[in-house]
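Working through the structure, step by step
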Number of protein chains: 2
Amino acid sequence: MSSNHTHNKKNQTLTKNQRIVLNLLQDSGEPLKAYFILDSLKKEGLNSPLQVYRALDKLVELGKIHKVESLNSFIICNNSNCASNTAFTICERCGKVKEIKNNNLTEGVNELVRENKLNITRYNLEFYVVCKSCKIN
Amino acid sequence: MSSNHTHNKKNQTLTKNQRIVLNLLQDSGEPLKAYFILDSLKKEGLNSPLQVYRALDKLVELGKIHKVESLNSFIICNNSNCASNTAFTICERCGKVKEIKNNNLTEGVNELVRENKLNITRYNLEFYVVCKSCKIN
DNA sequence: TTACGTATGTAATAGTATAACATTAGAGGT
DNA sequence: ACCTCTAATGTTATACTATTACATACGTAA
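A short tour of the structure in this document, coming up. (Residues numbered from 1 in each chain as written. Chains lettered and ligands numbered in written order. Predicted model: local features only at pLDDT ≥ 70, side-chain atom pairs only at ≥ 80, totals over all residues. Heavy atoms only, no water.)

Observations regarding the protein's contact with DNA strand C
- Around DNA strand C, a shell composed of 15 residues is seen, among which Thr 15, Gln 51 and Arg 54 of chain A together with Lys 33 and Lys 67 of chain B lie nearest.
- Put simply, 43% of the atoms of DNA strand C that lie within 4 Å of the protein are in sugar or phosphate.
- In the environment of DNA strand C, a phosphate oxygen lies 2.6 Å from a nitrogen or oxygen atom belonging to the side chain of Lys 33 of chain B. (Near = heavy atom within 4 Å. Polar contact = N/O pair within 3.5 Å; in protein donor to acceptor, adjacent residues only side chain to side chain.)

Shown next as structure tokens:
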């Protein structure tokens, strides 16, 4: 019984590597790829992919970031209550990603999951859209 | 305006590579990885990763198979009407994957998507579960 | 102190996917 | 039949993503 999302283990202090990776993702707001993170943080002392992946793994486990599976990228969690459930929109044209939460769509899905007979423990939803600015152009 | 899902371009005949890859996925029923497919089909004349990926890309485009993003795997489409929307359950313990369709959950999601204001063109849903046989043990 | 879990650093390697280029096969129009 | 155009093929090389293995360090609890 592993309690995945450990905002309960409160105030868990991050290590240096975890912190600088988290900061980068936070500042960016966009999904970033592991090797881009590595390049960006060379000057901060990150030398190897493994250092990045280990930090990313931990941050995912803590619910502070999410992996966008179809992009092999990682994005800051903008969901203060940090569920392990994730839902994104991904623009088919420009690739822009947004985490969605607390709207009719995700609430509706949560409702459906609760009603559902499958033993759903968590989910990852990727909705492909044409975002506003792409729709105009 | 590319019509992605071309069951309309009816009876599109597959090429040899596309056919043998599709057959393997069909016979298996499970998600398979590209390099596993390559190894399995060496005797049928497949020599390089690119041959596999090209066949896979085409089959995905035709809606005959789906990619399970979080597994880097490909699985036969069991959905006769071939929407570009996909929904899977993935067992967290044994990794078993099932495509789900035409049940309350997916119908509900479709309803939500129709009602939704975002310009959703398609979606990929991955629901993590504990499957029956894993739950018992 | 010892023991244990977790994080680190580094090197090597495994696994996933695409670029570039030359060639061939098929479908459609004339 | 011939030409043309698009899509598929074959091959090599390479890029991108992720993990294994091993040695070491750090903090905390017994």
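Picking up where we left off.
Here we look at helix α3 (residues 49-61) of chain B
Residues and elements named next belong to chain B.
- Its 13 residues give α3 an end-to-end C-alpha distance of 18 Å, which sits within 8% of 18 Å, the value for a rise of 1.5 Å per residue.
- If you follow the buried residues of α3, they end up packed against α1 (16-28), α2 (34-40), β1 (65-68) and β2 (73-76).
- Downstream of α3 by one or two residues, Gly 63 has phi in the positive range, about 80°. (Helix = DSSP H or I, 4+ residues; strand = E, 2+ residues; numbered from the N terminus. Expected span 1.5 Å × (residues − 1). Contact = heavy atoms within 4.5 Å.)

Re the protein's contact with DNA strand D
- Close to DNA strand D lie 15 residues, the nearest being Lys 33, Leu 50 and Lys 67 of chain A together with Gln 51 and Arg 54 of chain B.
- Protein-proximal atoms of DNA strand D, defined as those within 4 Å of the protein, fall in sugar or phosphate at a share of 42%.
- The contact in question runs from a base nitrogen of DNA strand D to an N or O atom on the side chain of Arg 54 of chain B, over 2.4 Å.
- Of all the secondary-structure elements, those providing two or more residues to the surface near DNA strand D are α3 (49-61) of chain A together with α1 and α3 of chain B.
- Tallying contributions element by element places α3 of chain B first for the surface near DNA strand D, with 4 residues.
- Of the residues belonging to the surface near DNA strand D, the class tally is 4 nonpolar, 7 polar and 4 charged. (Nonpolar A, V, L, I, M, F, W, Y, C, P; charged D, E, K, R; others polar.)

A look at the relation of the copies chain A and chain B
- Mapping chain A onto chain B calls for a screw motion: a turn of 180° about the axis and a shift of 0.0 Å along it, with 0.0 Å RMSD after fitting. Considering both components of the superposition, the chain copies are consistent with a two-fold axis. Within chain A, Leu 125 of chain A has its C-alpha nearest the rotation axis, a separation of 2.2 Å.
- Looking at chain A, 100% of its interface residues are interface residues in chain B too, so the copies touch through the same face. (Least-squares fit on C-alpha atoms with pLDDT ≥ 70 in both.)

A closer look at the sheet that holds strand β5 (residues 120-129) of chain A
- One open sheet accounts for 6 strands, arranged β4(A)-β3(A)-β5(A)-β5(B)-β3(B)-β4(B); its pairing is mixed. The open sheet has two edge strands, β4 (97-99) of chain A together with β4 (97-99) of chain B, and neither has a second partner. On average, adjacent strands in this sheet sit at an angle of 20° to one another, irrespective of strand direction.
- The strands touched by helix α4 (residues 104-115) of chain A within the sheet are β3 (86-91) and β5 of chain A together with β5 (120-129) of chain B, with β5 of chain A carrying the most contacts at an inclination of about 145°.
- Contacts from helix α4 (residues 104-115) of chain B reach β5 of chain A together with β3 (86-91) and β5 of chain B within the one sheet, and its direction differs from that of β5 of chain B by about 145°. (Pairing = 2+ DSSP bridges. Axes fitted to C-alpha atoms, helices over the stretch in contact; angles between N-to-C directions.)

Digging into the pairing of β5 of chain A
- For β5 of chain A, a buried count of 8 out of 10 residues is recorded, marking the element as mostly surrounded by other parts of the structure.
- Where β5 of chain A lies against β5 of chain B, 9 bridges are found, and the strand directions are antiparallel. Note that in β5 of chain B the partner of Tyr 128 of chain A across the bridge is Arg 122 of chain B. (Buried < 20%, exposed > 50% of the residue type's maximum accessible area, 1.4 Å probe, protein only.)

Considering the pairing of β2 of chain B
Residues and elements named next belong to chain B.
- Of the two faces of β2, both are covered, the one formed by Ser 73 and Ile 75 as well as the one formed by Phe 74 and Ile 76.
- The pairing of β1 with β2 spans 4 bridges and is classified as antiparallel. If you follow Val 68 over to β2, its bridge partner there is Ser 73.
- Linkage of β1 to β2, two consecutive antiparallel strands, is achieved through a turn of 4 residues, within which Asn 72 is found at a positive phi near 50°.

Remarks on the interface of chain A and chain B
- Listed as interface residues are 25 residues of chain A and, on the opposing side, 25 residues of chain B.
- Between chain A and chain B the total buried area reaches about 2400 Å² when both faces are included, carbon and sulfur atoms providing 58% of it.
- The three residues of chain A that bury the most area against chain B are Leu 112, Asn 119 and Tyr 128 of chain A, which together make up 22% of that side's buried surface.
- Linking chain A with chain B are 2 salt bridges.
- Measuring nitrogen to oxygen at the nearest pair gives 2.9 Å for the salt bridge that ties Arg 122 of chain A to Glu 92 of chain B.
- Remark: the boundary between chain A and chain B carries 14 residue pairs in polar contact (both at pLDDT 80 or more). (Buried area = accessible area lost by both parts, 1.4 Å probe. Salt bridge = Lys/Arg side-chain N within 4 Å of Asp/Glu carboxyl O.)

None of the figures reported here should be taken as evidence of function without further support.
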